[in-house]
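# Structural description and commentary
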Amino acid sequence: MLSRVADGLFWISRYIERAENLARIADVYLLDDLDRAHGREADWSAILQASGAQDDFARSGLTPSAHAVTDFLTYDEKNPNSITACLDRARENARMIRDQLTTEMWEELNRAWLKLCGSSGKLLRRNGLTGYFREVRRASHLFRGTTASTLSRGDAADFLELGMYLERADATSRILEAQSLRKDQIGEEERWAALLRSCSARETYRTNHQGPLEVGGVLAFLIHDPSFPRSLHYGLVQTGKIATRLAQPHDQVEVEALVLAIRARLTRAPLNEGAGPTLAQFLDSWQKELQSLADWMRERIIGGKLDLPERSAWRSQQEQQQQNFGGPLPWI
Amino acid sequence: MPKKVSKESKRTSLLAGLTRYGPAKAFDEMAEGRGRVRRVYEGLRDSLQLVDPVRLAEGRASLEASFLRRGITFTVYNDPHGTERIFPFDPLPRLIPLQEWTRIEKGLVQRVTALNLFLQDVYGAQKILQEKWIPAEIIHSAKHLRREAAGLKVPHNVYIHICGTDLIRGDGGEYMVLEDNGRCPSGVSYVLENRRALKQAFPEWFRNQAVRPVDHYGADLLETLREISPRQEGEPVIVLLTPGPMNSAYFEHSFLARQTGIELVQGCDLFVEGQKVFMRTTRGPRQVDVIYRRIDDDFLDPLAFRKDSVLGVPGLLRAVRAGQVSLANAIGTGVADDKALYAYVPKLIRHYLGEDAILPNVPTFLASQPKDLKYILQNMAKLVVKPTNESGGYGLLIGPHATKKQIAEFRSRVRKDPRNYIAQPVIALSTHPTLFGNKVEPRHIDLRPFVLTGKKTRVLPGGLTRVALRKGSLVVNSSQGGGSKDTWVLDS
């Protein structure tokens, strides 16, 4: 497979997953805000920080409020990592490697883009962001399902899954971060319920854990559960398996070792407040480790040098290419 | 379900204008006279008589939605948002009886064959430059002549592997060649997608009609590209080189890659080592044998042509010269679709093939010829004046529609650079019934068939019919109110 195609597949998947997780984080906050008594504002800086948007938000000059923050995370043009920006990029990548996707996959993604971005997205958001977020999650699930049922299980499918699991391992840690950073007066039970909900984990958690929600149990579940598809452990193990499959034979040992090292550190994640590094510190270093794993994979699995031309020259030269489509017919 | 239409019901139709549809001022494809339909259109006319307006509206809506959903769009230039639009599609198909088509097909093959022999001569023995049966100056001064390609051997001596020849019909319905497109002709994806969409939206129109299929184009294109592979053993590796997703025809590039199963690549995916071309893959470099390139000669190789090209592959010309990779189309074919040379194509046919041209040219005056120049300058208000090295209708003057000032300006341009201009009389393009709401009206059309040449020559039945949707408009291109139609070649 072309390295550029592998890269494209990887990023389509990451951006779709990213959009989905942004929708999850924002939605839970938005719903919490509805439950809140008047005068008690949620701590919006936590969600901005966790989604990595605090700098862009600060630059935008907006005052944090439920609306300002969710709008910013969802579609603000000043936010290069908004949900719509992620969907734009997912589709742009898909268009770039359109020939490698099944028609059904492309149509699903294109339909989501047509519906969620541009003027129809605006229309949809008028009825409230919660409905919009549901559509974002659904778009992501439909794309995954369509992929599973139409695309051959080969390298292409692997690169898509690689992007999804890596992004998810990162995103779940950011959701954890957002909840643990919250400084608003939210009850403990409420806080952990919100955390589970943003990961679609409440029901699964409940089937195995009765009794009151407590921090240790919830964190252990989202970090260590070996079978829940959004846990850190699961995301990392899947990433490792797929990366090993995709790696050249002489790189397989190395990728396994890299993943094992991160897994070893995962076992030391703090589940309770106490001595040693805080949860926030742990999550921060987890995100850095995933980043360096991603860099390694880009270099060794996707394929090293991939320099797309400088954008403005590239665009203008693309536009200069004559495709001889014929012009005006100068006849009466 | 066979439909018996009684004479009574034939008189009225739910489509306004269909019953009394007739030619306006030009030759009409469907009607010989008011209410008199040519034989080839009778079947379609009967289907249209029965069309239910609700069903029609639904069908049209589903057509548009399917084009948008499938991303069958072109990119609008000079738009910071990179807007994509669909190319409007008129559901009423254009019909060509097989007999007529057979003649067109022969004419196209004859023309492409002669153009390939001409290119072989220009870039090979160069007899044409010595024998001077056409002015050598025409060739020397052609903007798209590529001296770098002189002496280059190409497989089977074929230069133009994919050709799109634009045809129009004049007053009496005679087919004429308007333009040859021997560089990167585009539009074939619409031929295939239009057919698919129309079949889905109005399957009943196809019943009892023997329409020649078009969906083998992908297989034919692949076969053509395989035939020019320099590889002696094993499966050739073929790629389609696109400028990228911001090019207006990007949809077509990805479409053709899917149809043929070849890899869609950009310049940055390829590199030359020694004399071979490779693509960067996740399993290391892989040698490439054939490149169907959709970028201009000038951008192919920054070491040989434009240095600032970010679309090409450094060293590509070296690999081509070494015979390690084949390009479709070959380098330098633009000298054959130069509009000044166009005037000499019937002569090329006579010289290289010893035959008369089956498809005539539109009468053409060359400003580079003193006698013609005088005529052009005196009669500009009646003529269409075109620059010779542009395609797509850029920079031309339509005399009868031009202001005095524009004509004066063109006079001085032509005087200053006569080599760069030709002129042709204004011709009444044929019209075709076209749907507006529930109303049928005549609109001007042309036809672009596609000819593939490798070891063998293959012609796609029909081609792309473009239509000027605006009333009285002469413009059929995509950004200016043009649309397209499905084109049926009918075995009657």
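Residues numbered from 1 in each chain as written. Chains lettered and ligands numbered in written order. Predicted model: local features only at pLDDT ≥ 70, side-chain atom pairs only at ≥ 80, totals over all residues.

## As for the overall build of chain A
- In terms of regular secondary structure, chain A is built from 16 helices and zero strands.
- A globule of 332 residues ought to have a C-alpha radius of gyration of about 20 Å, and chain A, at 21 Å, matches this closely.
- Projected onto its principal axes, the C-alpha positions of chain A cover 80 × 55 × 35 Å.
- Every one of the 332 residues in chain A was classed for burial, and the buried ones make up 46%.
- Taking contacts inside chain A between residues at least 6 apart in sequence as the whole, the part at least 24 apart equals 66%. (Helix = DSSP H or I, 4+ residues; strand = E, 2+ residues; numbered from the N terminus. Rg over C-alpha atoms; globule rule 2.2 N^0.38 Å. Buried ≥ 20, exposed ≤ 12 C-beta atoms within 10 Å, placed from the backbone. Contact = placed C-beta atoms within 7 Å.)

## Section: the pairing of strand S13 (residues 290-293) of chain B
All names here are of chain B.
- Side chains Val290 and Tyr292 of S13 all project onto a buried face; the interleaved residues Ile291 and Arg293 project onto the opposite face, where all are buried too.
- Two elements, strand S8 (residues 238-241) and S13, share four bridges in a ladder whose sense is parallel. The residue bridging Ile238 from the neighbouring strand is Val290, located in S13.
- Pairing geometry for S13 and strand S14 (residues 326-328), over three bridges, is parallel. Within the sheet, the bridge partner assigned to Val290 lies in S14 and is Ser326.
- A crossover connection joins S13 to the parallel S14 through helix H10 (residues 316-321); in handedness this β-α-β unit is right-handed. (Pairing = 2+ DSSP bridges. Right-handed = clockwise from strand over helix to strand, strands pointing away.)

## Some words on the environment of Pro461 of chain B
Residue and element names in this part refer to chain B.
- Along the chain, Pro461 turns up in the loop between strand S22 (457-459) and strand S23 (464-468).
- Spatially, the C-alpha atoms of Pro461 and Leu490 are 9.5 Å apart, while their sequence positions differ by 29 residues.
- Those residues in contact with Pro461 that lie beyond four places of it in its chain are Trp101, Arg212, Val214 and Val489.

## Considering helix H9 (residues 155-181) of chain A
- The end-to-end C-alpha distance of H9 of chain A, which contains 27 residues, comes to 39 Å, matching closely the 39 Å that a straight helix rising 1.5 Å per residue would cover.
- Within H9 of chain A, 24 of the 27 residues are buried, which leaves it mostly tucked inside the rest of the structure. (Expected span 1.5 Å × (residues − 1).)

## Section: the sheet that holds S8 of chain B
All names here are of chain B.
- The four strands lie next to each other as S9-S8-S13-S14, forming an open sheet whose pairing is parallel. Looking at the sheet topology across the chains shown, the edges are occupied by strand S9 (263-265) and S14. Each strand axis lies, on average, 30° off the axis of its neighbour in the sheet, ignoring direction.
- Contacts between helix H9 (residues 250-260) and the sheet are confined to S8 and S9, with S9 contributing the most and set at about 150° to the helix. (Axes fitted to C-alpha atoms, helices over the stretch in contact; angles between N-to-C directions.)

## Describing the interface of chain A and chain B
- Chain A puts 40 residues into the contact, and the matching count from chain B is 64 residues.
- Of all elements in the fold, only helix H1 (3-35), helix H5 (83-96), helix H6 (103-116), helix H15 (279-303) and helix H16 (311-320) of chain A reach the threshold of two or more residues within the side of chain A that touches chain B.
- Ranked by residues supplied to the side of chain A that touches chain B, first place goes to H16 of chain A with six residues.
- Looking at the side of chain A that touches chain B, its residues break down into 19 nonpolar, eleven polar and ten charged. (Nonpolar A, V, L, I, M, F, W, Y, C, P; charged D, E, K, R; others polar.)

## Here we look at the domain arrangement of chain B
- The domain boundaries assigned to chain B delineate domain 1 (104-165 + 216-353) and domain 2 (365-425).
- For the side of domain 1 of chain B that touches domain 2 of chain B, the residue count by class is two nonpolar, two polar and three charged. (Domains from an automatic or database assignment.)

## Focus: the environment of Ile238 of chain B
Residues and elements named next belong to chain B.
- Relative to the helices and strands, Ile238 resides in strand S8.
- For Ile238, a count of 23 C-beta atoms within 10 Å translates into the label buried.
- Taking the C-alpha atoms as reference points, Ile238 and Gln378, 140 residues apart in sequence, are found 52 Å from one another.
- Each residue touching Ile238, except ones within four places of it in the same chain, is listed here: Leu225, Ile262, Asp289, Val290 and Tyr292.

## So, H9 of chain B
Residue and element names in this part refer to chain B.
- Most of H9 sits out of view: nine of its eleven residues are buried.
- Restricting attention to buried positions, one finds in H9 the residues Tyr250, Phe251, Glu252, His253, Ser254, Phe255, Leu256, Ala257 and Thr260.
- Where H9 is buried, its residues contact strand S3 (73-75), helix H7 (188-201), helix H8 (217-227), S8 and S9.
- Looking one or two places after H9, you find Gly261, whose phi comes out positive at around 75°.

## Some points on the packing of H8 of chain B against H9 of chain B
Residue and element names in this part refer to chain B.
- Where H8 meets H9, the closest approach of the two axes is 8 Å, and the angle between their N-to-C directions is 85°. Between H8 and H9, the angle falls in the class roughly perpendicular. Residue-level inspection shows Gly218, Leu221 and Leu222 of H8 in contact with H9, the latter providing Leu256, Gln259 and Thr260.
- Class assignment for the residues of the contact of H8 with H9 results in three nonpolar, three polar and no charged. (Parallel < 35°, antiparallel > 145°, perpendicular 65-115°, else oblique.)

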